[in-house]
Amino acid sequence: MARIELPPPSGMGEHVDWSLHRTPMAVGMGQLSEAVYGNTQLPVREREAARWTIALINHCEVCQDTRAKDATAHQIDEGFYAEVAGWATSEVLTTRERLAAEFAQRFALDHQGMDDEFWARLRAAFADDEVADLTMCCGMFLGLGRALAVVGVAPPDERILV
């Protein structure tokens, strides 16, 4: 249940309606989301490893209900999300998928703890433009997901596919 009074329903769901108290800002949030999902060059599994890690950290119901578009084509199922939840000990995820999840966790919980050893491992697997991409994705995932969790809105009836 939302922690603030919702404006009259827009037909888009609580995950959007709450932000319509400040429509110009809501438009910007939507544009940021579209920019990230529409322009990331990360493979879907790597992006989802980072997104899912932050969704769990944020305790965002909307984010935890969201799934990847064309999941089957990218070999993503509920087992993949379970593996990401235990990324540190996963023998199924690739090195890059584990690093994307680790980066997301550190980004959200201990950004100052990203030491030289971590950066060496990250940069051995990712090019600088990919690290920049991952950083921008995690910034959006953390910020917008945290906003949704703080306000306490429910996921829409129809699952969001990203």
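Novice: Just to check I follow, could you spell out the packing of aromatic side chains for this structure?
Specialist: Any aromatic ring pair is given by two values, namely how distant the centres are and how the planes are angled relative to each other. On inspection of all chains with the given rule, the structure shows seven aromatic pairs. Where F103 meets W119, the ring centres are 6.3 Å apart and the plane angle is 85 degrees; that geometry is what we call edge-to-face. With F103 in helix α6 (residues 95-109) and W119 in helix α7 (residues 116-125), this residue pair connects regions lying 16 residues apart in the sequence. The buried category is assigned to F103, whose relative accessible area is 1%. Here the aromatic rings of F118 and W119 are separated by 6.3 Å at their centres, their planes lie at 75 degrees, and the arrangement is edge-to-face. Residue F118 is classed as buried on the basis of its relative accessible area, which comes to 0%. In this structure W119 comes out as partly exposed when scored by relative accessible area, which is 29%. Three or more aromatic residues joined by ring pairs make a cluster, and in this case those are F103, F107, F118 and W119.

Novice: What is the right way to read the packing of helix α3 (residues 44-58) against α6 from this model?
Specialist: A pair of packed helices is captured by two measures, namely the crossing angle of their axes and the spacing between those axes. Contact geometry of α3 with α6 gives a least axis separation of 8 Å together with a crossing angle of 35 degrees. In this structure, α3 meets α6 at a crossing whose hand is right-handed. Listed contacts from α6 to R45, E46, A49, A50, T53, I54 and I57 of α3 are R96, E97, A100, A101, A104, Q105, A108 and L109. Taken together, the residues of the contact of α3 with α6 sort by class into nine nonpolar, two polar and four charged.

Novice: Before we go on, may I ask you to explain helix α8 (residues 128-151) in this structure?
Specialist: Residues separated by three or four positions in an α-helix point in the same direction, a consequence of the helix having 3.6 residues per turn. A rise of 1.5 Å per residue sets the reference length of α8, with its 24 residues, at 34 Å; its end C-alpha atoms lie 35 Å apart and thus fit the reference within 8%. Where α8 terminates, the next one or two residues include G152, which has phi positive at roughly 75 degrees.

Novice: Quick question: what am I supposed to make of the packing of α3 against helix α5 (residues 78-85) here?
Specialist: Running from N to C, α3 and α5 cross one another at 65 degrees; their axes reach a closest spacing of 9 Å. Here α3 runs over α5; the crossing is right-handed. Counted together, R45, E48, A49, R51, W52, T53 and L56 of α3 and F80, Y81, V84 and A85 of α5 form the full contact between these two elements. Of the residues belonging to the contact of α3 with α5, the class tally is seven nonpolar, one polar and three charged.

Novice: Would you mind going over the pattern of salt bridges with me for this structure?
Specialist: Where charged atoms of side chains with opposite charge meet at close range, the side chains can pair. Taken as a whole, this structure holds 11 salt bridges when the rule is applied. E130 serves as the salt-bridge partner of R96, at 2.9 Å between the closest nitrogen and oxygen. Taken as a pair, R96 in helix α6 and E130 in helix α8 lie far apart in primary sequence, 34 residues in all. Between E102 and R106 there is a salt bridge, with the nearest N and O atoms lying 3.1 Å from each other. Of this pair, E102 and R106 both sit in helix α6, four residues apart, which is roughly one turn of the helix. Taking the relative accessible area as the measure of exposure, E102 reaches 9% and is therefore buried. Because the salt bridges share partners, they merge into one network encompassing E102, R106, E117 and R121.

Novice: Help me out: how do you make sense of the environment of C63 in this one?
Specialist: Within the secondary structure layout, C63 lies in helix α4 (residues 61-65). For C63, a relative accessible area of 16% translates into the label buried. Along the primary structure C63 and I160 are separated by 97 residues, whereas in three dimensions their C-alpha atoms are 8.6 Å apart. When residues no more than four places from it in sequence are discounted, the contact partners of C63 are R51, W52, A55, G145 and L148.

Scoring rules and cut-offs
Residues numbered from 1 in each chain as written. Predicted model: local features only at pLDDT ≥ 70, side-chain atom pairs only at ≥ 80, totals over all residues. Heavy atoms only, no water. Phe/Tyr/Trp six-rings, centres within 6.5 Å; stacked < 30°, edge-to-face > 60°. Helix = DSSP H or I, 4+ residues; strand = E, 2+ residues; numbered from the N terminus. Buried < 20%, exposed > 50% of the residue type's maximum accessible area, 1.4 Å probe, protein only. Axes fitted to C-alpha atoms, helices over the stretch in contact; angles between N-to-C directions. Left-handed = near helix turned anticlockwise from the far one by under 90°. Contact = heavy atoms within 4.5 Å. Nonpolar A, V, L, I, M, F, W, Y, C, P; charged D, E, K, R; others polar. Expected span 1.5 Å × (residues − 1). Salt bridge = Lys/Arg side-chain N within 4 Å of Asp/Glu carboxyl O.

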